[in-house]
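Overview (structure and organization)
Chain by chain, the residues run as shown.
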Amino acid sequence: MIRFSTIYKVLVITLCLMLSAPTAFAMANVKNSDKIKAAFLMHFTGYTTWPGNKLNEVNICLLGDVSFDNFLKSMIKAKPQNRTGQQLNLFYLEKAEDIDTCQVAFVGNAHVEHVVKYRQAKQLPVLLVGGGTGFIERGGMISFFQEEQRIRFKICPEKLAQANIKMSAELLRLAVIYHAHHNEEVAP
């Protein structure tokens, strides 16, 4: 005969395993979403044109809380050039005023307003990428978001045009387009 305490122990262990499985799944999803964000950020460089002559190097800068920096660092180490042959460099910034040498800046939520004001005042052609609610409305150009377990991104073409930055139609087709003058999104 099986004792009550044995059944209780089995139930407790089973329950613990069931409760930890979603946590492990969630942790795997967080890592996967970080990898996807890092890959997108890296690939944005190959589909973007900045004013002036074609650049030989593209500086990707990170400011603030960035959960995927280690993935991005290892991806750039493994493939140091984008699809157009430009050398990719990664820099960590301490303040908004450091974006002068960046072509792409991933900006943590705590720094958005200051970076946007600085970029606009200096008229810098820096692609501002971020995440979180209201990033584009606060002045960003590309914002990551999650939809049905997938990482997606939205792009505001008007803000790109203001910075004299052009994106390929191929990339724009993958994005949700956000029109700042109408405060509306258009899904692909």
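This section reports on the structure supplied with the text.

Cut-offs used in this document
- Residues numbered from 1 in each chain as written.
- Predicted model: local features only at pLDDT ≥ 70, side-chain atom pairs only at ≥ 80, totals over all residues.
- Heavy atoms only, no water.
- Helix = DSSP H or I, 4+ residues; strand = E, 2+ residues; numbered from the N terminus.
- Contact = heavy atoms within 4.5 Å.
- Areas by Shrake-Rupley, 256 points an atom, 1.4 Å probe, with all protein chains shown as cover.
- Core = buried A, V, L, I, M, F, W, Y, C linked by side-chain atoms within 4.5 Å.
- Buried < 20%, exposed > 50% of the residue type's maximum accessible area, 1.4 Å probe, protein only.
- Phe/Tyr/Trp six-rings, centres within 6.5 Å; stacked < 30°, edge-to-face > 60°.
- Salt bridge = Lys/Arg side-chain N within 4 Å of Asp/Glu carboxyl O.

Turning next to the overall build of the protein. Counting secondary structure elements, the protein contains five helices and ten strands. Counting only contacts in the protein whose residues sit at least 6 apart along the sequence, the fraction spanning at least 24 positions is 51%. When the accessible surface of the protein is totalled, it reaches about 11,100 Å², and 58% of it is carbon and sulfur.

Here we come to the nonpolar core. Leu 41, Phe 44, Leu 72, Leu 127 and Val 129 are the most contacted members of the largest nonpolar core, which has 30 residues in total. Mapped by element, the contributors of at least two residues to this core are helix H1 (4–44), strand E2 (57–63), helix H2 (69–78), strand E4 (104–107), strand E5 (127–131), strand E6 (142–147) and strand E7 (150–155). Per-element tally for this core: the top contributor is H1, with four residues. Those residues in contact with Leu 41 that sit more than four places away from it in its chain are Ile 60, Leu 62, Phe 68, Leu 72, Val 104, Phe 106, Val 129 and Phe 144. Judged by nonpolar contacts, the second largest core, of 19 residues, contains Ile 99, Val 116, Tyr 118 and Cys 156.

Time to look at the packing of aromatic side chains. Under the criterion given, the structure shown has seven aromatic pairs. Ring centres of Phe 40 and Phe 144 lie 6.2 Å apart, and the angle between their planes is 25°; this geometry places the pair in the stacked category. Separated by 104 residues along the polypeptide, Phe 40 in helix H1 and Phe 144 in strand E6 bring together distant segments of the chain. Its relative accessible area of 22% is what places Phe 40 among the partly exposed residues. With a centroid separation of 4.9 Å and 80° between ring planes, the pair formed by Phe 68 and Phe 106 is classed as edge-to-face.

Take the environment of Lys 117 next. Note on placement: Lys 117 falls in helix H3 (residues 112–122). Remark: the alpha-carbon pair of Lys 117 and Gly 139, spanning 22 residues in sequence, is separated by 8.5 Å.

On to the pattern of salt bridges. In this structure the tally under the stated criterion is four salt bridges. Of the charged contacts in the structure, one is a salt bridge between Glu 170 and Arg 83, with a shortest N-O distance of 3.8 Å. Placement of Glu 170 in helix H5 (residues 169–174) and of Arg 83 in the loop between H2 and strand E3 (87–93) is noted, with a sequence separation of 87 residues between them. Under the relative-accessibility criterion, Glu 170 is labelled partly exposed at 42%. The shortest N-O distance in the salt bridge between Arg 138 and Glu 113 comes to 2.7 Å.

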